[in-house]
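These are the residues of each chain, in order.
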Amino acid sequence: MRQRQKAESQSRRPGGCVAKPGGPAALSRTAILSLALLPVVMIAGCLRQEESKPPAQSQAANAPPPNSTATDQPGPRLPLPALRPSTGAAPSSDSLAPRPDANTVVPSPGSPAAPPAVSSSATAEAAAPPIEAPLPQSTAELIAEVRAVVDELVQWGPDNLDCLEMKARFLDWLGKSEEAENVWRQCLEREPRYVHALVGLAAVAVKRGRHTEAIAHAQQAVDADPYSFRARDILAEALINENRPADAVDALVDFLKRDPRAHGYFLLGRAYTLLDDLPNARKAYEDAVRVYPDYAESHYALARICLRLGDRDASQKHLATYQRLMKRRDPHEQGMEMGRDDFKEMKINAAIIYTDAGRIYLARGIPQIAERLWRRAAALDPSSVPARELIARLMMDEERWSQAIQLFDELIRLAPAEPRWMLAQAQAYAFAKQTDQAKRVLAEASRRWPDRVEVHAARARFLAALGQDLDEAVQSAERVVQQRPNGIDYALLAWTRFRSGDTAGAEQAIRKALELDPANPEVQRVSAVIRAANPAASENPASLQSPNSTKP
């Protein structure tokens, strides 16, 4: 169970958050914006008043920065487009504020409006354990602690679906599945498309072997929220258990391109194995260990698949990795009954409840209680990625840069296969005016993930915005277009070359951008700036226009 929770938590993309207005000045507006546009970071519209501009290096270096909305800068406005997530997640609004997934609760569109938070902080203060409080040392202490938080939520919002859903989850955690199902059904009576209740009912049905019922509930959840990983995860597992592997593949294969999760790839591997499609099964299991390198079950599956495919060396390698990982596991996770490890499992589940309860407290306007619960969750489960992610987002919102940087260090350690934490840490360094550290982190990210276009695009933007190390900015942008040759990315290449003073190279890149995406207004604005800065191009504007465009 614990391994599955870890696998499900991998590649969890941060959601959006809104920074406080009027904060202290940081780097130049251009440098901050270049990182604010990353699809993996959480600050959208977090621009500070400009304190200083990068030193002038050429006419190109003095040009207006990409994506600037400032009115105090000379020249035309030049916003380069926001980078797209490498996973293919479509609209930028979804990539900046993705929907909740495995085991998460946030205020739902189907939930009635939350009661006003008048005089609620006092009861919340009393219910939530203080950050410095010792951790529970027994099951009874842990249950009592979590019960106080859940009871306070239900008392505060007795008609709020999200608060009731937390009660159902608490009951299920205690083993009172029938009572939990009753609460989830009450939620569905009020809102038939309430995703969390549908997922809860599906999870209980799978646990009890009622796979047909699980499929029905999970499919309803997927229909209500196509972005819910937990719903698809349960749906795919129930389909596999019902000997419908082809349907399981259909449920997962496109979704995982947008939201790659280790357990999702593991289930996809199982489905392909049942279909006797061994090459695709191998690829799915390899994707699982790429996302979560310590996924022992995937290594074991790979050992068997590689052996069937005749690749004995790879089979032995994965088998050795599996054996090494199993030796590191707790005896409880290997099937041995040990009371202290059962208690450890309970603490992990309590951490999940606290993580989601904190989201509701944040929505209630009590961020200090949200932080307290998230820090408690992190203490109960030292491997929890979601709790630390949420604390880091709150630290960024509240401009507590040093604490955010420290949390990103922890996230990098816990999820070393994912570049987004290093990119987010670079942004925190940028806001903290630690430019050299931001550059160092981006350089290290580029070294670790040479094939991730979002890493190179982020570095290209940041260096070009700073007006520093412009040759490296150009190299990063060139790597982006090699892997993702579209109009927007060629516009980024044009901008980095323009900033470095390579006017001819900028013109060549922007012509390609216009050829690929002539109607894109941001590509057109880059073209306008290059044309304005180049008298020869201004005399012959058609040279920087799309073949299909008309002369002004």
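About the cut-offs
- Residues numbered from 1 in each chain as written.
- Predicted model: local features only at pLDDT ≥ 70, side-chain atom pairs only at ≥ 80, totals over all residues.
- Heavy atoms only, no water.
- Helix = DSSP H or I, 4+ residues; strand = E, 2+ residues; numbered from the N terminus.
- Buried < 20%, exposed > 50% of the residue type's maximum accessible area, 1.4 Å probe, protein only.
- Contact = heavy atoms within 4.5 Å.
- Areas by Shrake-Rupley, 256 points an atom, 1.4 Å probe, with all protein chains shown as cover.
- Salt bridge = Lys/Arg side-chain N within 4 Å of Asp/Glu carboxyl O.
- Axes fitted to C-alpha atoms, helices over the stretch in contact; angles between N-to-C directions.
- Parallel < 35°, antiparallel > 145°, perpendicular 65-115°, else oblique.
- Left-handed = near helix turned anticlockwise from the far one by under 90°.
- Nonpolar A, V, L, I, M, F, W, Y, C, P; charged D, E, K, R; others polar.
- Phe/Tyr/Trp six-rings, centres within 6.5 Å; stacked < 30°, edge-to-face > 60°.
- Lys NZ or Arg CZ within 6 Å of the ring centre and 35° of its normal.
- Core = buried A, V, L, I, M, F, W, Y, C linked by side-chain atoms within 4.5 Å.
- Polar contact = N/O pair within 3.5 Å; in protein donor to acceptor, adjacent residues only side chain to side chain.
- Expected span 1.5 Å × (residues − 1).
- pLDDT = per-residue confidence, 0-100.

1. Remarks on the overall build of the protein
Counting its secondary structure elements, the protein contains 27 helices and zero strands. A buried classification covers 57% of the 552 residues belonging to the protein. Sequence separation of 24 or more characterises 65% of the internal contacts of the protein that already satisfy a separation of 6 or more. Surface accessibility of the protein: about 23000 Å² in total, with carbon and sulfur atoms responsible for 50%.

2. Some points on the pattern of salt bridges
For the structure on display, the rule yields 34 salt bridges. Where R185 meets E181, a salt bridge forms, and the shortest distance between an N and an O atom there is 4.0 Å. Pair noted here: R185 and E181 are both in helix α7 (residues 177–190), with a separation of four residues, about one helical turn. Judged by its relative accessible area of 36%, R185 falls in the partly exposed class.

3. So, the packing of helix α10 (residues 229–241) against helix α11 (residues 245–258)
Remark: α10 packs on α11, axes separated minimally by 8 Å, with the N-to-C direction vectors making an angle of 155 degrees. Here α10 is positioned roughly antiparallel relative to α11, judged by the angle of their axes. Judged by the sense of rotation from one axis to the other, the crossing of α10 with α11 is left-handed. Within the contact between the two elements, α10 uses F229, R232, L235, A236, L239 and I240 and α11 uses P245, D247, A248, A251, L252, F255 and L256. Its residues assigned to classes, the contact of α10 with α11 comprises eleven nonpolar, no polar and two charged.

4. A closer look at the packing of aromatic side chains
Per the stated rule, a full pass over the model turns up eight aromatic pairs. Here F266 and Y295 contribute two aromatic rings whose centre-to-centre distance is 5.3 Å and whose plane-to-plane angle is 35 degrees, an arrangement assigned as tilted. Taken together, the positions of F266 in helix α12 (residues 262–274) and Y295 in the loop between α13 (278–291) and α14 (296–308) put the pair 29 residues apart, joining distant regions of the chain. Judged by centre distance (5.7 Å) and plane angle (40 degrees), the rings of Y292 and Y295 are tilted. Accessibility classification places Y292 together with Y295 in one group, the buried group. Taken together, the aromatic side chains of F266, Y285, Y292 and Y295 make up a single cluster linked through ring pairs. Directly above the ring of Y227 sits R258, whose terminal nitrogen or CZ lies 5.0 Å from the centroid. Across from the ring centre of W156, 4.0 Å away, lies the NZ or CZ of R364, which sits over that ring.

5. A look at the packing of α10 against α12
Remark: α10 packs on α12, axes separated minimally by 10 Å, with the N-to-C direction vectors making an angle of 20 degrees. By the angle between their axes, α10 is roughly parallel relative to α12. Regarding α10 and α12, the two cross each other, and that crossing is left-handed. Facing α10, whose interface residues are F229, D233, A236, E237, I240 and N241, α12 presents H263, G264, L267, R270, A271 and L274. For the contact of α10 with α12, the per-class residue count stands at six nonpolar, three polar and three charged.

6. A closer look at the nonpolar core
If you look at the biggest cluster of nonpolar residues, it comprises 66 residues, and the most contacted ones within it are L142, V146, W173, Y361, L373 and F408. Beyond its immediate stretch of four places on either side in the chain, W173 contacts L142, I143, V146, M346, N349, A350 and I353. Formed by 58 residues, the second largest nonpolar core is a distinct cluster that contains L239, V249, V291 and I305.

7. Overview of the environment of S384
Of note, S384 is situated in the loop between α17 (367–380) and α18 (385–397). For the pair S384 and L411, spaced 27 residues apart in sequence, the C-alpha to C-alpha distance is 9.0 Å. A polar atom in the side chain of S384 sits 3.4 Å from the backbone nitrogen of A387.

8. Looking at helix α20 (residues 420–431)
Structurally, the α-helix is built with 3.6 residues per turn, so residues lying three or four positions apart point the same way. The end-to-end C-alpha distance of α20, which contains twelve residues, comes to 17 Å, matching closely the 16 Å that a straight helix rising 1.5 Å per residue would cover. Counting buried positions along α20 yields twelve of twelve residues, so the element is predominantly enclosed. Within α20 the residues assigned to the buried category are R420, W421, M422, L423, A424, Q425, A426, Q427, A428, Y429, A430 and F431. Among the residues trailing α20, K433 stands out with phi positive, at a value near 65 degrees.

9. Brief notes about the confidence of the model for the protein
On average, the protein scores 78 in pLDDT, and the residues at 70 or more come to 73%. Contacts for the low-pLDDT stretch residues 10–119, under 50 throughout, to residues beyond four places or in other chains number 284 contacts. Here residues 331–340 is modelled with pLDDT under 50, and outside its nearest four sequence neighbours on either side it reaches twelve contacts, counting other chains as well.

10. Regarding the environment of W401
For W401, the location among the structural elements is in helix α19 (residues 401–414). Between the alpha carbons of W401 and A428 there is a distance of 5.7 Å; along the sequence they are 27 residues apart.

11. A word on the environment of A494
Mapped onto the elements, A494 comes out in helix α24 (residues 487–499). C-alpha separation for the pair A494 and V526, spaced 32 residues apart in sequence, amounts to 7.8 Å. Apart from residues lying up to four places away in sequence, A494 is in contact with A506, A509, I510, V526 and I530.

12. Here's the deal with the side chain of E371
Relative to the helices and strands, E371 resides in helix α17. For E371, a relative accessible area of 9% translates into the label buried.

13. Let's talk about unusual backbone geometry
Look at E399: it is not a glycine, yet its phi comes out positive at around 60 degrees. Of note, E399 is situated in the loop between α18 and α19. In this structure, K433 is a non-glycine residue whose phi angle is positive, near 65 degrees. Relative accessible area serves as the criterion here: at 44%, K433 is assigned to the partly exposed category.

14. Observations concerning α17
Helix length check: α17, at 14 residues, gives a terminal C-alpha distance of 20 Å against a target of 20 Å (1.5 Å per residue), a fit within 8%. Inspection of α17 places I369, A370, E371, R372, L373, W374, R376, A377, A378 and L380 among the buried residues, and these make up the whole buried set.

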